[in-house]
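Listed below, chain by chain, are the residues.
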Amino acid sequence: MRNMKRALSVFLCIVIAFSCTGVAFAQDSWNAYWQSNSTDIEKGVYVAPGQTESERTIRWYTDSKDRNYVLLSESKDMSKAQQITANVTATPQGDYSAEAHITSLKEGTTYYYTCNSDGYKSAVYSITTSTRSEFSALYVTDVHISYDEENKDSIKNNSGKFASVISQAKEKSDISLILSTGDQASLGRRDEYCGYVSSADAKNTTVAILEGNHDRKNIDYRYFNANPETNDKGIKSYIGGDYWFVKGDTLFLVCDSNNADGVYHRRFIKNAIKANPDVKWRVAMFHHDLLGSRIPHRESENKLIRLLWMPLIDEFAIDLVLMGHSHYYTMSNVVYNKKTVTPIADINEVTDAKGSIYMVSGSINRPRSLDDGEIPPVGEHIGKYVDTENVIYNVLDFSENSIVIKSYYDGESTPFNEFTISKTTQQGGHPKRTFNPINNIVRFLGGVYSIFNNIGVRSDLKKKYDIKVPFFAGISGK
Ligand SMILES: [Fe+2]
Ligand SMILES: [Fe+2]
């Protein structure tokens, strides 16, 4: 017995030693990568979606106002490269943000690109386009790359954590898209965003980001993002508005839920659907957690946000809503008209759902800590949830007939939750809309509120960082 105990403890020591060595090795190789790729990291090279699969925008920071271009080739050696000129916008730091809009990409093809400015040429990265309807995406939220005055390695380390998550997801599925539902950067700083897209995996993947409340703490998101924003009229934040894109048979509706102008959001969604009437799946993305109800002191705010968003989700027959903000993983029942229509606690698949599923993932760099083992409450419409301090990420496999959601804990090879949403027709089981005039009033009042909210943000920026946002632009986002 004693021998067995001894053998067991030796075995455990070896396991611990090996896993520590593994962690140290990973940290060392990330440190080396961070150092040797510092220029591309500082330039914040990344690929944003275009509205269609044949388009992308490649973006980076540059010191030169002119002669900024992307070279794009189907060969890794960059032979027969096509040159695409970038447009620039002056940044608050005194340099420029360059955006090269790429069109006419073919389906199911890998392209290689470099970003070029006077005296700068990036390494070679790649973009892979999907075939007709099958593709996989990594869904993460609240990545929270955080600048810390007291810890100069904070951005590097947070970025390394995210890099590891992307690489784990890529080992599991052929990820061509990252869906990120806000709070990419804790202070909204440029160096945090550059850290967010610092890994080669990130630069080789199309990245769809949106405005979390933390992204509004500064104005760098405005210059960093290269989202294909629409021109729909309404109140917007200074840092950005809503955008949509289609990939495969899915329309992604990406919205800024810091902005309460419901008239604007409804106009945006309506026009996006009008432009894509035949796309089968609709996925909405925004920052605020509507149904988790895991943080009691946020519930008064959440009630108002639910009032604004849930009628829109119902009206436009959204299949899946991806959110964030609470840092708690939850997946709702099938919900319609603020009621559970199909509980999902005991099932792993739903076909032709008679409503929508609302999902929130955990944070990458700020996972919830469960103080004293206290379990927080959970919303009445939540079907699946976990109480964990683990980092969570999700692989979503999209095809014509289904969306398969697999949720993983960091470092684990099998998902802790797997759920499939299937549809046999475009409408699926979604009920036809009903009209409620109260919703129009709520949306209008949300717009009035958002004007005052934008004024508040504008004055905070002035007070905290001496950032002078022009008055009209600060209110309307233009
Ligand atoms: Fe957050
Ligand atoms: Fe947040």
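Everything quoted here is computed from the prediction, not taken from an experiment. (Residues numbered from 1 in each chain as written. Chains lettered and ligands numbered in written order. Predicted model: local features only at pLDDT ≥ 70, side-chain atom pairs only at ≥ 80, totals over all residues.)

**Considering the overall build of the protein chain**
Along the protein chain, the regular secondary structure elements total 10 helices and 25 strands. Taking 2.2 N^0.38 as the reference for a compact globule, 478 residues should give roughly 23 Å; the C-alpha atoms of the protein chain span a radius of gyration of 22 Å, in line with that estimate. Taking the principal axes of the C-alpha coordinates as reference, the protein chain spans close to 75 × 65 × 50 Å. (Helix = DSSP H or I, 4+ residues; strand = E, 2+ residues; numbered from the N terminus. Rg over C-alpha atoms; globule rule 2.2 N^0.38 Å.)

**Some remarks on the packing of helix α8 (residues 299–315) against helix α9 (residues 437–465)**
Look at α8 against α9: their axes get within 10 Å of each other, and the N-to-C directions meet at 125°. Our classification of the angle between α8 and α9 gives oblique. Of the two elements, α8 crosses α9, and the hand of that crossing is left-handed. Across from Leu307, Leu308 and Pro311 in α8, the residues of α9 making contact are Asn439, Val442, Arg443 and Gly446. A breakdown of the residues in the contact of α8 with α9 according to their chemical character gives four nonpolar, two polar and one charged. (Axes fitted to C-alpha atoms, helices over the stretch in contact; angles between N-to-C directions. Parallel < 35°, antiparallel > 145°, perpendicular 65-115°, else oblique. Left-handed = near helix turned anticlockwise from the far one by under 90°. Contact = placed C-beta atoms within 7 Å. Nonpolar A, V, L, I, M, F, W, Y, C, P; charged D, E, K, R; others polar.)

**Some details on the domain arrangement of the protein chain**
Once the domains are mapped, the protein chain shows domain 1 (47–127) and domain 2 (130–422). Domain 1 and domain 2 are separated by 26 Å when their C-alpha centres are compared. Each side of the interface is counted separately: domain 1 has 21 residues, and domain 2 has 20 residues. Among the elements of the structure, β1 (46–49), β2 (56–62), β6 (96–102) and β9 (125–128) are those that each provide at least two residues to the side of domain 1 that touches domain 2. (Domains from an automatic or database assignment.)

**Things to note about helix α7 (residues 262–275)**
The first and last C-alpha atoms of α7 sit 20 Å apart over 14 residues, in line with the 20 Å expected at 1.5 Å per residue. For α7, the set of buried residues is Gly262, Tyr264, His265, Arg266, Phe268, Ile269 and Ala272. Residues of α7 that are buried sit in contact with β13 (243–247), β14 (250–254), α8 and α9. (Expected span 1.5 Å × (residues − 1). Buried ≥ 20, exposed ≤ 12 C-beta atoms within 10 Å, placed from the backbone.)

**Here's the deal with the environment of Tyr223**
The topology assignment puts Tyr223 in helix α6 (residues 220–224). For the pair formed by Tyr223 and Ala98, sequence separation is 125 residues and the distance between their alpha carbons is 9.2 Å. Leaving out residues up to four positions away in the same chain, Tyr223 has contacts with Thr89, Thr91 and Ser97.

**What to know about unusual backbone geometry**
Leaving glycine aside, a negative phi is the common case for residues, and trans is the common case for peptide bonds. Despite not being glycine, Asp183 shows a phi value in the positive range, around 55°. Mapped onto the elements of the fold, Asp183 is located in the loop between β11 (175–180) and α4 (190–196). Judged by the 29 C-beta atoms lying within 10 Å of it, Asp183 is buried. Its identity as a non-glycine residue notwithstanding, His327 has a phi of 65°, on the positive side. Examined against the element boundaries, His327 turns out to sit in the loop between β16 (320–323) and β17 (330–332).

**Some points on helix α3 (residues 154–172)**
The first and last C-alpha atoms of α3 sit 28 Å apart over 19 residues, in line with the 27 Å expected at 1.5 Å per residue. The complete set of buried residues in α3 reads Ile155, Asn158, Ser159, Gly160, Phe162, Ala163, Ser164, Val165, Ile166 and Ala169.

**A look at the sheet that holds strand β21 (residues 357–360)**
A sheet is described by the order of its strands in space; here seven strands give the open sequence β13-β14-β15-β16-β21-β17-β22, paired in mixed fashion. Each edge of the open sheet carries a strand with a single partner, namely β13 and β22 (382–385). Averaged over all pairs of adjacent strands, the angle between strand axes in this sheet comes to 20°, irrespective of strand direction. (Pairing = 2+ DSSP bridges.)

**Considerations on the pairing of strand β7 (residues 110–117)**
Most of β7 is tucked away: six of the eight residues are buried. Bridge count between β7 and β9: four bridges; the pairing is antiparallel. The partner of Tyr111 across the bridge, within β9, is Ile127. Of the strand pairs in this sheet, β7 and strand β8 (residues 120–121) are connected by two bridges, and their pairing is antiparallel. By the bridge assignment, Ser117 is partnered in β8 with Tyr120.

**With respect to the confidence of the model for the protein chain**
Should the pLDDT be low somewhere, the predicted coordinates at that spot are not to be read in detail. When pLDDT is averaged across the protein chain, the result is 94; 95% of the residues are at 70 or more. Low pLDDT, under 50, characterises residues 15–20; the predicted model gives this stretch zero contacts beyond four residues in sequence or across chains. (pLDDT = per-residue confidence, 0-100.)

**Quick look at the nonpolar core**
Counting residues in hydrophobic clusters, the biggest one holds 114 residues, and the most contacted among them are Ala137, Leu138, Leu253 and Met285. It is α3 that provides the largest number of residues to this core, a total of six residues. Each of domain 1 (47–127) and domain 2 (130–422) contributes no fewer than three residues to this core. Aside from chain neighbours lying at most four places away, what touches Ala137 is Ile175, Leu177, Ile178, Leu179, Leu396 and Phe398. (Core = buried A, V, L, I, M, F, W, Y, C linked by C-beta atoms within 7 Å.)

**Examining the pairing of β13**
In summary, the side chains of a regular strand alternate between the two faces of the sheet. Judged by how many residues are buried, β13 sits mostly within the fold: four of five residues are covered. Bridge count between β13 and β14: five bridges; the pairing is antiparallel. Bridge pairing links Lys247 to Thr250 in β14. Where β13 folds back on β14, the antiparallel hairpin that results is connected by two residues, among which Gly248 adopts a positive phi of roughly 60°.

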